[in-house]
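Descriptive structure summary
These are the residues of each chain, in order.
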Amino acid sequence: MSVILIESEQQFNDLITQENVTVVMFSAPWCGNCKIVHPKLVKLSKELTDVTFAKLDTTEFEDLAMELNVAALPTFKIYKEGKILHDYTGSKWEKIDELIRGAIN
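Quick caveat: nothing in here was measured; it's all calculated off a predicted structure.

Glancing now at the environment of proline 39. Position of proline 39 among the secondary structure elements: in helix α2 (residues 32-47). Using a relative accessible area of 48% as the deciding quantity, one classes proline 39 as partly exposed. Sequence-wise, proline 39 and asparagine 20 are 19 residues apart; in three dimensions their C-alpha atoms are separated by 22 Å.

So this is what it looks like as structure tokens:
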């Protein structure tokens, strides 16, 4: 499994309402920390195959990002069945990894 690039709000809604845990990384092409974290997220997605990983470009979905209170990048939101389990803003990989692994246990 790898990281799904979200291409529509409908796709985003479908992903976050599924039964398994979904990790959404909110990023932007100009975000340096997003570029640093993304390869680590791809690697983790290959290890944790029961988790869905997705990336949302906030420059393409500005209204949705504002609606979800994404004020800084990268922001990670972890969902299950439409409910938010965790919300983290920052690029500290140890913390991101810990939150994701904690959500599936």
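Before going further, it helps to examine unusual backbone geometry. Residue leucine 73 is joined to proline 74 through a cis peptide bond whose omega torsion reads -10°. Tracing the sequence through the fold places proline 74 in the loop between α3 (62-67) and β4 (75-80). Here the phi dihedral of asparagine 69 falls at roughly 60°; this positive angle occurs in a residue that is not glycine. Notably, glutamate 81 is not glycine yet its phi reads approximately 50°, a positive angle. Here glutamate 81 falls in the partly exposed class, since its relative accessible area comes to 45%.

As a further point, take the pairing of β4. Of all the six residues making up β4, five are buried; the element is thus mostly covered by neighbouring parts of the structure. Relative to β4, strand β2 (residues 22-27) runs antiparallel, the two sharing five bridges. Bridging across to β4, methionine 25 finds its partner in phenylalanine 76. Pairing between β4 and strand β5 (residues 83-89): six bridges, direction antiparallel. When the bridges of β5 are listed, lysine 77 appears paired with aspartate 87. Following β4, the chain reverses through two residues before pairing antiparallel with β5; glutamate 81 in that reversal takes a positive phi of roughly 50°.

Here the focus is the pattern of salt bridges. Scanning the entire structure with this criterion turns up three salt bridges. With a shortest N-O distance of 2.9 Å, glutamate 47 and arginine 101 are connected by a salt bridge. Note that glutamate 47 is positioned in helix α2 and arginine 101 in helix α4 (residues 93-103), a separation of 54 residues in sequence. A salt bridge links arginine 101 to aspartate 97; its shortest N-O distance comes to 3.0 Å. In this pair, arginine 101 and aspartate 97 both sit in helix α4, four residues apart, roughly one turn of the helix. For arginine 101, a relative accessible area of 28% corresponds to the partly exposed category. Bridged by salt links that share partners, the residues Glu47, Asp97 and Arg101 form one connected network.

Thresholds, definitions, all that
- Residues numbered from 1 in each chain as written.
- Predicted model: local features only at pLDDT ≥ 70, side-chain atom pairs only at ≥ 80, totals over all residues.
- Heavy atoms only, no water.
- Helix = DSSP H or I, 4+ residues; strand = E, 2+ residues; numbered from the N terminus.
- Buried < 20%, exposed > 50% of the residue type's maximum accessible area, 1.4 Å probe, protein only.
- Pairing = 2+ DSSP bridges.
- Salt bridge = Lys/Arg side-chain N within 4 Å of Asp/Glu carboxyl O.

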